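Observations on chain architecture
The chain contents come next:
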Amino acid sequence: QVQLVESGGGLVQAGGSLRLSCAASGRTFRSYAMGWFRQAPGKEREFVASITWSGGNTYYQDSVKGRFTISRDNAKNTVYLQMNSLKPEDTAVYYCAASVRSAPVLIYEYDYWGQGTQVTVSS
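Residues numbered from 1 in each chain as written. Predicted model: local features only at pLDDT ≥ 70, side-chain atom pairs only at ≥ 80, totals over all residues. Heavy atoms only, no water.

1. Section: the side chain of Thr78
Our working rule: Strands are runs of DSSP state E lasting at least two residues, helices are runs of H or I lasting at least four, and both sets are numbered from the N terminus onward. Only protein chains enter the accessibility calculation, which uses a 1.4 Å probe; a residue whose area is less than 20% of its type maximum is buried, one above 50% is exposed, and one in between is partly exposed. What qualifies as a polar contact is a pair of N or O atoms within 3.5 Å, subject to a donor-acceptor requirement within protein and to the restriction that residues adjacent in sequence count only when both atoms come from side chains.
With respect to the element layout, Thr78 can be found in strand β8 (residues 78–83). Here Thr78 falls in the buried class, since its relative accessible area comes to 10%. Within polar-contact distance, the side chain of Thr78 engages the backbone oxygen of Lys76 at 2.8 Å.

2. Thoughts on the pattern of salt bridges
The test is simple: Between Lys or Arg on one side and Asp or Glu on the other, a salt bridge is scored when a side-chain nitrogen of the former is within 4 Å of a carboxyl oxygen of the latter.
Under the defined criterion, the tally for this structure stands at 4 salt bridges. Close ionic contact of Glu46 with Arg38 constitutes a salt bridge, the shortest N to O distance being 2.7 Å. For Arg38, a relative accessible area of 6% corresponds to the buried category. For Arg67, the salt bridge goes to Asp90, with nearest N and O atoms at 2.8 Å. Of this pair, Arg67 sits in the loop between β6 (58–60) and β7 (68–73) while Asp90 sits in the loop between β8 and β9 (92–99), placing them 23 residues apart in sequence. The exposure class of Asp90 is buried, given its relative accessible area of 1%.

3. Section: the state of the cysteines
Where we set the bar: In this description, the term disulfide denotes a pair of cysteine sulfurs within 2.5 Å.
Within this structure, the stated rule accounts for 1 disulfide. A disulfide bridge connects Cys22 with Cys96, and the sulfur atoms are separated by 2.1 Å. When the S-S torsion is -80°, as for the bridge of Cys22 with Cys96, the disulfide is left-handed. Here Cys96 lies in strand β9 and Cys22 lies in strand β3 (residues 18–25), a separation of 74 residues in the sequence. A relative accessible area of 0% means that Cys22 is categorised as buried. Accessibility expressed as a relative area gives 0% for Cys96, which makes it buried.

4. Concerning the sheet that holds β7
As a general point, the strands of a sheet are linked pairwise by backbone hydrogen bonds and lie either parallel or antiparallel. Applied cut-off: A pair of strands counts as paired when DSSP detects no fewer than two bridges linking them. Each axis is a line fitted through C-alpha atoms, taken for helices only over the stretch in contact, and angles between the N-to-C directions span 0 to 180 degrees.
Across the sheet, 4 strands lie side by side as β1-β3-β8-β7; this open sheet has antiparallel pairing. Where the open sheet ends on each side, the last strands, each with one partner, are β1 (3–7) and β7. Averaged over all neighbouring strand pairs, the angle between strand axes comes to 15°, with direction disregarded. Of the pairings in the sheet, the one linking β3 to β8 comprises 6 bridges and is antiparallel in character. Pairing of Ala23 across the sheet is with Thr78, part of β8.

Okay, structure coming up:
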């Protein structure tokens, strides 16, 4: 079992940046692949980015490629999502998730979830 707590959300104008953090505890952090998902009002929760156990491989949905960067610091038990050039379409609650799988991208492949942090991008 692992507990996840997101932070770093807020209100920014289009073109701005935010860095989200996800602090993990309760189980060996290195054993989990980590991912970020987001959910806008009235929409399905969607995959944003993921990173493997070692941090050697990352995956992104097309709409955030070149703008978002996922990274992890195993010594700090923390995963990050750097978000640049934010657009109003990025507005959503962002969730951190952990998986025992090697390279998960689907919601059902993740085992643990944080409570989420709100990101709002104004136009």
